[in-house]
Each structure stands twice: as structure tokens, then as C-alpha cells.
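Here is how the chains run, residue by residue.
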Amino acid sequence: MSAKYLLGYEKLMQLSKRLGKDYSKTNAVDLDLFVTHYFASTSRSDLSDRGNDPMYDNLKQAWAFYQERSASAPKIEFLHFDTGGQGEKKGQRSGTRILVLQNDMPFLVDSISQALTRCSVIIKYINNSVLYSERNARGSKSAGKLSIIPPSVTEDSTREALICLDCVRLTVNESKLAEKEIRETLKHVAAAVKDYPAMCKQMLSVRAALEKSAATVPASPTSHNESLEFISWMLDDHFTFLGYEKYCINRKVRDPSIELQEKSPLGVSKFKKDIKPKVKLSDLSMGARDLILKKKICNFAKSGTRSKVHRPAYCDYVLIKEFDSNGEVSVEHRFLGLYTSSVYFQEVLAIPLLRRKVQAVLEKSGFAQNGHNIKDLLQVINVFPRDELFQISSSQLLHTSTEIARIQDLRTSRLFIRCDLYGNFFSCLVYVPKDTFTTKVRLTIQQLLQRRLQAEEVEFTTYSSESAFTRIHLIFRVSRIEQVIYDAAAIETEMVSLIKPWEENFSRALAVQHSDVEASKLSAAYSDCFSESYKESYTP
């Protein structure tokens, strides 16, 4: 046991005694339990590094805040403190402390943190605690007042989350905006958590319906079984269900339409503002219309909205269809959510539907079975962005993955652009040599693509492995994507020119005027002689 751990444990005991002195009329057992649970998520070693007075101020404010909770809605309070203000304590710095008390449920801390990030609030410290609380019943004069903190769950206790976030100093208006965003986010979290069992039940019901109507489903037995296995795979903790909508195709009218079924939305889908109860298929983009009518059980798409729950990514849609007796699409079930973290590390050949797509690509590649090339190709696909694998077509995957496999021994940067079927996004995969990649290079590429693709928003991830390249995956949201005209090859050429290292251009310029041997000697001798400011101002 380390000295820092013992020091942290001793500090916890001191805080408990100090709180006991200030609240001598309070049950000592409750105070001890509160201190223990409040700092349960903070390691004892970290406790030893924090100042005594700031920690105690935090503890005392949290205890006072925790005493009453009169409604089931989240309780939120903003506390502001300024250096040099009245009552200043030694070592205290200006800032804002946000306290949140509500029923405990998944995704609270992640979701609140991203809510504050959306408001451009800088978070300096987070403390999350879970306590079982017994409070006075509603209807009494002291309704919601803390009665006792039981050591474990009881019949009358409620499992509550008490979250403290220390941030940079916020103005009154900034605090109001932040509180509004936190409350809206917690509403989304509560809806997703509450309706999670109903969404899973709906998914099971869809699976049962597909199993029952196997004879009318326009798919081969193998494809049908793969789809059923994929549904089971999703339910096996591989997909976080956040929302659901059910649509029926109405072909009884002259102009067929897709109609939202009343009371079908679950989870965050209940809060969609742009959702229309009825849309004519002819009014949809060609890509969206084809995706809806496509005779395929499972389809995949990206939502145009970022998740307020868990991760700030664009949500994934899993679209599952039912068919009428003629084999035409009659119902579309839209499940909205996020793939769980385990999916991003799972072998692609272990994921239903993906494994068939990947196997088809391996077979069409022309590489010898069990050969070196096919193993390299499978490795390229295995580290492919998972969201991209679900949405990309087999032909696109074959082209992109084989091209990526071929550049592994070269130093050429490559760009691959894919337009999603719904027409909301461009997905761009960029491969840059590791020794060339920097944040500045990534920003240069991002800004170039944003201009050429007329994008409004962008999110990116980078990936590096033992290969010679760093991969950048950029997803661009475009409002009128059908109007964007672009030349992928021309953009790639421009990108390569923009990010090419100055030293490489210098070597090529020398090679024009000297022999290869002489150019190599001159490059080695003088490449490092030029300052960064010179390189930024002059091209060789």
C-alpha cells in the first residue's frame, strides 16, 4: 500500500471529522457514509494531492445541496466564487461549481460533460457519487428532505446520483444557457433509459415477425438467417438503443407515401422536431427513396443529428424492413443509437452481415486464399472504421480496401470519398505517411475538403498502427449534398500538393538540375539549413 494511498485515506478521515464538528446534530453514521460515497470515484492517491480547504468546501456545499430534493426532476445549482472576493480562502481560485442531483441511471456524467462542451464550458474537475437516500414522503411539510442514508438499498430508498463539476467562471447568461442544455440533455438520457426495455422488446418482436414470414421475404435463406443473427447480435450488448420509429408504406394512393405510426416513437425519437407524420416518396431524394424501397432486410444510415446521450457522435440508424405477400416493403422499423465500444474491436468476420460482405470482397480480390496479400487485405478491413463498414457497399469496399492495401509500401497520400445513401454526409478516408502527419497537416486536409465539399460540420478520428500510414476519418455534414459537384482525383492531387513536406519538394527541385547522386548529397547537406519561417514563405 503506497504512502499516497495512506495519506489520501487519512485525509478522508479528517474531512469526515471536520464535517461532523460542523454538523454535530446530524447522525454521524450518515455523515461518514456521505463522505465515503461522495469521494468513492476519486482514488485515494489523488485525494492526497488536493488541498484540504478546497476539498472541504466542495464537500460541505455538496452536503448542503443534497439535503433536499422535493421533485423527481433533476435538481441543479450553480455556485460562483471569485478570487479576491469577500470570504476568499487561501488557495481558492475563481470558478463555477455545478451540482446536479437526480435519480441514478447510465450515461449521466458523459452526457452532462458533453452538454457543457456544447456550451463551450471548460471543465476542470468532475466528482461523481451514487448514494441510496431515504427522503420524507410527498405531501408532508418536509417532503423531499433527507431522512437517512442507508448503507445499502432498502424498500424506501432511492438510488441517486450526485455530480459535482468545477468549471471556469461563468457569467449569469452563460450559466442559464448551460443549465438549459443540461436539463435538455438529462431529458434525453431519461427517455432513452426508460424506453430501453421497450426498444429491445420491439426489436425481438421484429425478429419474430421476420422469422414467421420467411416465405415472403425477398431474400435467400442464407441472407435471411444472417439478418436474424444480426438482430440477435445487436441485442447482445452491441448496440445502445436510444430511439425508435415505425413507418408503414402506403401504396393505396396514387402517390405512395411513408407514414409514421402514431405513438410508435420511443426514447429520444419522441423529441424529434423535424419528424413528419407523412411524406410522399416522390418528395424524397433519390437516395432516400431507393433506401426505403430496397428489398433488403437490414440497411444502415447515419442520422443528421448528434447524440446528446453518452457520446457526441452522429447517431447510427439500423433500418429493418417487413414485406407484404408480394415481397414489397410494407414496414420500416428505424432503430436509432450507437454501437457499443466492443464493436470497434471485434473481428469483422465475427459480426453477422459484415462477415458476408467481407468474405465477398476477399473472394473478388483475386488474391490467393491464405496468401500474404489476402491476409494484408483482411487486416486493412479489420481496422476499417466500423460505422463505415456497415454503410459502405461491397463494390466500394472492394475498391477502397484493395487500394489501401497497395499503398502500404509506398509514401503516397490517398483520399477516398463516399456519399452516404441518405444524402446527409460525405465520409472521407485519408491516408498520410506517419512521418508527414501532424495536427497542422490534418487541419489543412480538413479545411480543403470542407471547402471542396461545401460542408457545414465535420467530425474526425485518427488511427495509427504498425503500418506506415496514419488514417484520418472525416465525416462532413452537407445540407444540399445533391448539388455538390466534385472531382475526387483532383481534390486528392491538390491535397497531396498541399501537405507534401518542404524537404521533399526541395529534393525534387535539386533532382531537376543535378544527377540523382549529386541531388541526394545536396539534399542531405542543406535540407536542415532553412528555418521554418523561410519554408513557410518560399517554395523550392
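Before any of the text, the structure's been laid out above.
Parameters and conventions
Residues numbered from 1 in each chain as written. Predicted model: local features only at pLDDT ≥ 70, side-chain atom pairs only at ≥ 80, totals over all residues. Heavy atoms only, no water. Axes fitted to C-alpha atoms, helices over the stretch in contact; angles between N-to-C directions. Helix = DSSP H or I, 4+ residues; strand = E, 2+ residues; numbered from the N terminus. Left-handed = near helix turned anticlockwise from the far one by under 90°. Contact = heavy atoms within 4.5 Å. Nonpolar A, V, L, I, M, F, W, Y, C, P; charged D, E, K, R; others polar. Buried < 20%, exposed > 50% of the residue type's maximum accessible area, 1.4 Å probe, protein only. Salt bridge = Lys/Arg side-chain N within 4 Å of Asp/Glu carboxyl O.

A description of the packing of helix H9 (residues 354-364) against helix H10 (residues 372-382) should follow, citing residues and the corresponding values.
Where H9 contacts H10, the axes come no closer than 10 Å and their chain directions differ by 145 degrees. Viewed along their axes, H9 and H10 form a crossing whose handedness is right-handed. Along its contact with H9, which presents Val 358, Val 361 and Leu 362, the element H10 presents Ile 374, Leu 377, Leu 378 and Ile 381. Classifying every residue of the contact of H9 with H10 by side-chain character gives seven nonpolar, no polar and no charged.

Kindly report on unusual backbone geometry, identifying the contributing residues and their values.
Although it is not a glycine, Phe 107 adopts a positive phi angle of roughly 75 degrees. Structurally, Phe 107 is set in the loop between strand S2 (95-103) and helix H5 (108-118). At Asp 237, a residue that is not glycine, the phi angle is positive and equals roughly 60 degrees. By the element assignment, Asp 237 lies in the loop between helix H7 (221-235) and strand S6 (239-250). Assessed through its relative accessible area of 56%, Asp 237 is described here as exposed.

Describe the pattern of salt bridges, listing the residues and the values that go with them.
In the structure shown here, the tally under the stated rule is 28 salt bridges. With a closest N to O distance of 2.8 Å, Arg 355 and Glu 226 form a salt bridge. With Arg 355 in helix H9 and Glu 226 in helix H7, the pair connects residues that are 129 residues apart, well separated along the chain. Overall, the relative accessible area of 22% leaves Arg 355 in the partly exposed class. When its relative accessible area of 8% is taken as the criterion, Glu 226 is described as buried. A network of salt bridges, in which partner residues are shared, links Glu 403, Arg 406, Arg 414 and Glu 492.

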